[in-house]
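Observations on the model geometry
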Amino acid sequence: MKKNLLILLLLALYQPVISQSTPCKTGGSSSCLSLKDRGEIVITPLNKLGCKKEKAHLYAKFPKVTTYANYVFKEIGACTATDMDPYHGQLKFTYCLPKTCQEIRITIFDFNDPYFKTESGSIHKEMYLMAFDTTPASAIIGAHAATSINHFDKEIIVSPRFGSMGGSSDIVGYLAYDSNQYLISIEIDDDHKKFKKPSQVEQFIGGYVTQIKL
């Protein structure tokens, strides 16, 4: 069971790498537009979102900053207007680096959502929370305690490149758990291996994390 959860955790944390059917190419239609081509950068207003009724409480928790560390706001995801919402209890803000394919994806989960009381939802929840345990599984995904941000109850930096098996993922990340309810997941594309150590990731993302209000 634990082995299966580890596999699911790796898939969940690094889904963008696995699920991207058309690889992004710098300068292509799926890459981040230049600041000149973007025009005015604004955060999508809540009243323009299809999930405004169901996820207003999550929307309120995100910093409404249009830029961060040269990345610019791109879009809000995990938000649908259908009754069969595949993104249970979560909302995602994405930022991108102009003229590149590099993104920062911030997702906030609310584990009080009814979905996480179901069998599949409880497995999903356990899958994420096991990353905070000091186990061989968490060592494989490269979980390291975040020691300088100190904004939430539990905070870690994760990436297989920092793991016990010396993985080579192009994504580094931050996970936090707070108030026995909210999970914050931040994924940072890093194709060029800018981040050599967990502490570098922590220093980079800390300024954004401290603006999240749960």
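Residues numbered from 1 in each chain as written. Predicted model: local features only at pLDDT ≥ 70, side-chain atom pairs only at ≥ 80, totals over all residues. Heavy atoms only, no water.

**Regarding the state of the cysteines**
- Counting across every chain of the model gives two disulfides.
- Across a sulfur-sulfur distance of 2.1 Å, Cys 32 and Cys 96 are joined as a disulfide pair. On the sign convention where negative is left-handed, the bridge of Cys 32 and Cys 96, at about 55 degrees about the S-S bond, is right-handed. With Cys 32 in the loop between α2 (15-19) and α3 (35-38) and Cys 96 in strand β3 (residues 90-96), this residue pair connects regions lying 64 residues apart in the sequence.
- By relative accessible area, which is 4% here, Cys 32 ends up buried.
- In this structure Cys 96 comes out as buried when scored by relative accessible area, which is 3%.
- Across the disulfide from Cys 51 sits Cys 79; the S-S distance is 1.9 Å. Handedness of the Cys 51-Cys 79 disulfide follows from its S-S torsion of about -110 degrees: it is left-handed. Of the two residues, Cys 51 is situated in the loop between α3 and α4 (52-59) and Cys 79 in the loop between β2 (71-77) and β3; the sequence distance between them amounts to 28 residues. (Disulfide = S-S within 2.5 Å. Helix = DSSP H or I, 4+ residues; strand = E, 2+ residues; numbered from the N terminus. Buried < 20%, exposed > 50% of the residue type's maximum accessible area, 1.4 Å probe, protein only.)

**Looking at the side chain of Glu 202**
- Among the secondary structure elements, Glu 202 is positioned in helix α7 (residues 198-209).
- Lacking a salt bridge, the buried Glu 202 has Lys 197 as its closest oppositely charged neighbour, with an N-O distance of 11 Å.
- In terms of polar contacts, Glu 202 uses its side chain to reach the backbone amide nitrogen of Thr 147, at 2.7 Å.
- Within the structure, Glu 202 has its side chain in polar contact with the backbone nitrogen of Ile 149 (distance 3.4 Å).
- Residues contacting Glu 202, with those up to four places away along its chain left out, are Ala 145, Ala 146, Thr 147, Ser 148, Ile 149 and Ile 157. (Lys, Arg positive; Asp, Glu negative; His and termini not counted. Salt bridge = Lys/Arg side-chain N within 4 Å of Asp/Glu carboxyl O. Polar contact = N/O pair within 3.5 Å; in protein donor to acceptor, adjacent residues only side chain to side chain. Contact = heavy atoms within 4.5 Å.)

**Concerning the pairing of strand β4 (residues 103-110)**
- In terms of residue burial, β4 counts as a mostly covered element, since eight of its eight residues are buried.
- Burial of the side chains of β4 extends over both faces: Glu 103, Arg 105, Thr 107 and Phe 109 are buried on one face and Ile 104, Ile 106, Ile 108 and Asp 110 on the other.
- As judged from the seven bridges shared by β3 and β4, these two strands associate in the antiparallel manner. Within the sheet, the bridge partner assigned to Thr 94 lies in β4 and is Arg 105. (Pairing = 2+ DSSP bridges.)

**Here's the deal with the sheet that holds strand β7 (residues 171-178)**
- Across the sheet, eight strands lie side by side as β1-β2-β3-β4-β8-β7-β6-β5; this open sheet has antiparallel pairing. Whereas interior strands pair on both sides, the edge strands pair on one side only; in this sheet they are β1 (67-68) and β5 (144-145).
- Across seven bridges, β4 lies against strand β8 (residues 182-189) in antiparallel orientation. Paired with Ile 108 across the bridge in β8 is Ile 184.
- Here helix α5 (residues 119-129) sits on the sheet in contact with β4, β7 and β8, set at roughly 110 degrees to β7.
- Here α7 sits on the sheet in contact with β1, β2, β3, β4, β5, β6 (154-158), β7 and β8, set at roughly 120 degrees to β8. (Axes fitted to C-alpha atoms, helices over the stretch in contact; angles between N-to-C directions.)

**Examining α7**
- The first and last C-alpha atoms of α7 sit 15 Å apart over 12 residues, in line with the 16 Å expected at 1.5 Å per residue.
- All of the buried residues in α7 are Pro 198, Val 201, Glu 202, Phe 204, Ile 205, Gly 206, Tyr 208 and Val 209. (Expected span 1.5 Å × (residues − 1).)

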